[in-house]
Amino acid sequence: MGVKSELLGWIDQVAAVITLPVITDLYLPEPQPHAGSPTEFGVVVLADGMAGLYYAWLGDVQKGMNARYHTADYRGQSPLALAGLFASTDMADCSLGLAAINAISQSVFKSLRVPLIAATDSFAHLDLQAGDHVGMVGYFPSLVERLQQAQIRLTIIEKKARFLKFQGAFEISDDPGRLAGCNKICTTAATLLNDSMDEILAHASGAEEIIVIGPTAGFLPDPLFARRVSALGGMQINNAGRAIANLKAGRGLADAASKYVLSQRHYAGLPKLLEQVHPDQLTG
């Protein structure tokens, strides 16, 4: 069973035990990616104030989502209906499903007091040392610059053809097999959308440390931790109303969100966490 199927299975287990908060709002922007502008995200908001993100720069496949999905149709409904879209082969549906899964997961983290450690950088506390060979899945310009400044060897795996022409003191390839020579690996959570996460982790099996990063890495970590991922570097929405207002104004998430790290060594695992559920939270 792959990561996507397992993640959906964990969400079903949560719903079988905990009464999930209903959806109160959806923000489904029309994708308009262009250089220099803040990254756009769609947002699923739940009644407990927790929210989940999807990356809204996938291009034409996400056009018209606000016409396909209407907030009024989902307000007051369980987020499970949207979470099920994560299994879809349609990238737009899958991205919205991931946002719902992230919202549910953030609600679980809040109600069960999962320790989310404030992140000081985008590397999710990856322990970088001289002599490391870092594998990066997805092109993160700011992280590439930092690694180059530190003179750390870098191999980038990127499927988008426009990135393959980039040049610098690094190797860039569309072949995930190049990860086999890397001892530390960071991969974007977007690999869950194009079904490449399982392949990436298979090629990363010899690495000392693997992290999954990005604002959409807000989901339950159990299927990844079972595959030797050491930490998730995600984003928590601190004020959903402000986050949506900022996104509508073209300011990105700005001060409405904060980065965090969820480490395997600080995570009890979902089965143990569900044993601690208060009777008031139990599914009736």
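As shown above, the structure is provided for reference.
Residues numbered from 1 in each chain as written. Predicted model: local features only at pLDDT ≥ 70, side-chain atom pairs only at ≥ 80, totals over all residues. Heavy atoms only, no water.

**Q** Can you tell me about the packing of aromatic side chains, naming the residues and giving the values?
**A** As enumerated under the stated definition, the model contains five aromatic pairs in all. Ring geometry for Y69 and Y74: centres 6.2 Å apart, planes at 45°, overall tilted. In this pair, the class of Y69 matches that of Y74, namely buried. By the ring-pair criterion, three or more aromatic residues cluster together here, those being F41, Y55 and W57. (Phe/Tyr/Trp six-rings, centres within 6.5 Å; stacked < 30°, edge-to-face > 60°. Buried < 20%, exposed > 50% of the residue type's maximum accessible area, 1.4 Å probe, protein only.)

**Q** Give a detailed account of the pattern of salt bridges, specifying residues and quantitative values.
**A** Taken as a whole and judged by the stated rule, the model has eight salt bridges. In this structure, R68 engages D93 in a salt bridge whose closest nitrogen and oxygen atoms are separated by 2.5 Å. Of this pair, R68 sits in helix α2 (residues 65-68) while D93 sits in helix α5 (residues 91-111), and the two are 25 residues apart along the sequence. For D198, the salt bridge identified is with R227, shortest N-O distance 4.0 Å. Of this pair, D198 sits in helix α8 (residues 197-203) while R227 sits in the loop between α9 (222-225) and β10 (231-237); the two residues are 29 residues apart in sequence, bridging distant segments of the chain. (Salt bridge = Lys/Arg side-chain N within 4 Å of Asp/Glu carboxyl O. Helix = DSSP H or I, 4+ residues; strand = E, 2+ residues; numbered from the N terminus.)

**Q** Summarise the packing of helix α1 (residues 3-17) against α5; cite the residues concerned and give the values.
**A** It is the contact of α1 with α5, at a shortest axis distance of 11 Å, that shows an interaxial angle of 45°. Considering their axes alone, α1 and α5 lie oblique with respect to each other. Regarding α1 and α5, the two cross each other, and that crossing is left-handed. Contacts between α1 and α5 involve K4, L7, L8, I11 and V14 from the former and C94, I101, I104, S105 and V108 from the latter. Within the contact of α1 with α5, the residues separate by chemical class into eight nonpolar, one polar and one charged. (Axes fitted to C-alpha atoms, helices over the stretch in contact; angles between N-to-C directions. Parallel < 35°, antiparallel > 145°, perpendicular 65-115°, else oblique. Left-handed = near helix turned anticlockwise from the far one by under 90°. Contact = heavy atoms within 4.5 Å. Nonpolar A, V, L, I, M, F, W, Y, C, P; charged D, E, K, R; others polar.)

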